[in-house]
Amino acid sequence: MILATIFYLLLGSVALFVYRIVSVRSMEAERLAIERIAAFVTAAEGDVAAIGRGVARHNLVQCLVFVAEMTTEHAAERMGIIMKYYHIESYMLGRIFKSRNDTERAYLLSLLARLPISMLAALRVEPLVRAQSPQVGFSALLCLFAVTPMRGVATLSRLARRLSRRDVAEVLSVINRGCCPLPYTPLLMSENYNLQLLGIYLVRRFGITESRSEIVCIIKGKSSELRDDALLTLASFGEFMPERENTKYHII
């Protein structure tokens, strides 16, 4: 009995040692892949064939997402070269539609949304917006916003489920970086809860102080559920807001 226990302890130790070695090597390979991707997309240096050397395809996707979120939209063309060379879109779409696990499918869709994917890929996943799983549906919606924000808005306007503030933050994280890709006035003046919520956080994110009058209209609305969000957005502009008409101004 004692010998058997010692044997299993030794076996477990060996397995743990091997796992650690493999993990370290995998992490090193991913680090090198990230460096190669960054050099390729920002400095136009390196061989695209060498980027994925020693890295599993799924890990390469994660490396691409990491670099994509650290670079501007101007690097998208170079990133697209890597994606085409390694057939990333077809690989991801295959995994998404083969998966029967909603958590995994939502995760894969969220990764896809953070890459410079094609319109064709976005149209392939668009039907998943109506999936029974809210996580899958929202992650598919992210893909639409990433490729064509206006189509994302149109789809969002038909969505029955209300977005959370966290959902809106994720939407803003995948749309074009550095500029406002959507007309904010129709969003702010919309009677659709999701669109108005997106509009409020959109103008706050990009500091669009010209939206002040629309924000004030939301604040003064008799039945606005988003009054507090609008107040915080106005405050982020460093603006003043009258408590009542013809009274002194109070800082929000």
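## Here we look at the overall build of the protein chain
Thought 1: The helix and strand inventory of the protein chain stands at 14 helices and 2 strands.
Thought 2: Burial statistics for the protein chain: of 252 residues in total, 42% are counted as buried.
Thought 3: Of the contacts formed within the protein chain by residues at least 6 apart in sequence, a portion of 65% connects residues at least 24 apart.
Thought 4: On the protein chain, roughly 14,500 Å² of surface is accessible, and the fraction owed to carbon and sulfur atoms is 59%.

## Section: the side chain of Ser-211
Thought 1: Here Ser-211 lies in the loop between helix 12 (193-205) and helix 13 (212-220).
Thought 2: Since its relative accessible area comes to 0%, Ser-211 is described here as buried.
Thought 3: A distance of 2.7 Å separates a polar atom in the side chain of Ser-211 from the backbone oxygen of Ile-208.
Thought 4: When near neighbours in sequence (up to four residues on either side) are disregarded, Ser-211 contacts Tyr-184, Leu-188, Val-203 and Phe-237.

## Re the packing of helix 13 against helix 14 (residues 227-236)
Thought 1: Closest axis-to-axis distance for the helix 13/helix 14 pair is 8 Å, and the angle between their directions is 145°. Crossing handedness for the pair helix 13 and helix 14: left-handed. Residues Arg-212, Ile-215, Val-216, Ile-218 and Ile-219 of helix 13 touch helix 14, and the partners they reach there are Arg-227, Ala-230, Leu-231, Thr-233 and Leu-234.
Thought 2: Class assignment of the residues belonging to the contact of helix 13 with helix 14 gives a composition of 7 nonpolar, 1 polar and 2 charged.

## Structural notes on the side chain of Thr-233
Thought 1: Mapped onto the elements, Thr-233 comes out in helix 14.
Thought 2: When its relative accessible area of 0% is taken as the criterion, Thr-233 is described as buried.
Thought 3: Aside from chain neighbours lying at most four places away, what touches Thr-233 is Ile-200, Val-203, Arg-204 and Ile-215.

## Re the packing of helix 3 (residues 57-68) against helix 5 (residues 88-98)
Thought 1: Two elements in contact, helix 3 and helix 5, have axes whose closest approach is 11 Å; the angle formed by their N-to-C orientations is 115°. As the angle between them shows, helix 3 and helix 5 are arranged roughly perpendicular. Classified by chirality, the crossing of helix 5 by helix 3 is left-handed. Taken together, the residues of helix 5 that come into contact with helix 3 (itself represented by Arg-57, His-58, Leu-60, Val-61 and Leu-64) are Ile-88, Tyr-91, Met-92 and Arg-95.
Thought 2: The class makeup of the residues in the contact of helix 3 with helix 5 is 6 nonpolar, 1 polar and 2 charged.

## Some points on the pattern of salt bridges
Thought 1: A complete count under the given rule lists 9 salt bridges for this structure.
Thought 2: When the shortest N-O distance is used, the salt bridge between Glu-170 and Arg-114 registers 3.4 Å. Within this pair, whereas Glu-170 is found in helix 10 (residues 165-174), its partner Arg-114 is found in the loop between helix 6 (102-113) and helix 7 (119-125), the two being separated by 56 residues in sequence.
Thought 3: The class for Glu-170 is partly exposed, based on a relative accessible area of 22%.
Thought 4: Judged by its relative accessible area of 19%, Arg-114 falls in the buried class.
Thought 5: Asp-229 is the salt-bridge partner of Arg-165, the closest N and O atoms lying 2.6 Å from each other.

## Quick look at helix 14
Since there are 3.6 residues in each turn of an α-helix, residues three or four apart along the chain are aligned in direction.
Thought 1: Taken together, the buried positions of helix 14 are occupied by Asp-229, Ala-230, Thr-233 and Leu-234. Looking straight down helix 14, one finds its buried side chains confined to an arc of 135°; they lie on one side. More than 90 degrees from the buried face of helix 14, the exposed residues found are Asp-228 and Leu-232.
Thought 2: Backbone geometry just downstream of helix 14 places Gly-238 in the positive-phi region, at approximately 70°.

## Examining helix 9 (residues 149-157)
Thought 1: All buried positions along helix 9 are accounted for by Pro-149, Gly-152, Val-153, Thr-155 and Leu-156. The buried residues of helix 9 occupy an angular sector of 165° when the element is viewed end-on, so they sit on one face.
Thought 2: Elements that come into contact with the buried residues of helix 9 comprise helix 8 (134-147), helix 11 (184-189) and helix 12.

Reading guide: rules and limits
- Residues numbered from 1 in each chain as written.
- Predicted model: local features only at pLDDT ≥ 70, side-chain atom pairs only at ≥ 80, totals over all residues.
- Heavy atoms only, no water.
- Helix = DSSP H or I, 4+ residues; strand = E, 2+ residues; numbered from the N terminus.
- Buried < 20%, exposed > 50% of the residue type's maximum accessible area, 1.4 Å probe, protein only.
- Contact = heavy atoms within 4.5 Å.
- Areas by Shrake-Rupley, 256 points an atom, 1.4 Å probe, with all protein chains shown as cover.
- Polar contact = N/O pair within 3.5 Å; in protein donor to acceptor, adjacent residues only side chain to side chain.
- Axes fitted to C-alpha atoms, helices over the stretch in contact; angles between N-to-C directions.
- Left-handed = near helix turned anticlockwise from the far one by under 90°.
- Nonpolar A, V, L, I, M, F, W, Y, C, P; charged D, E, K, R; others polar.
- Parallel < 35°, antiparallel > 145°, perpendicular 65-115°, else oblique.
- Salt bridge = Lys/Arg side-chain N within 4 Å of Asp/Glu carboxyl O.
- Arc of directions from axis to C-beta.

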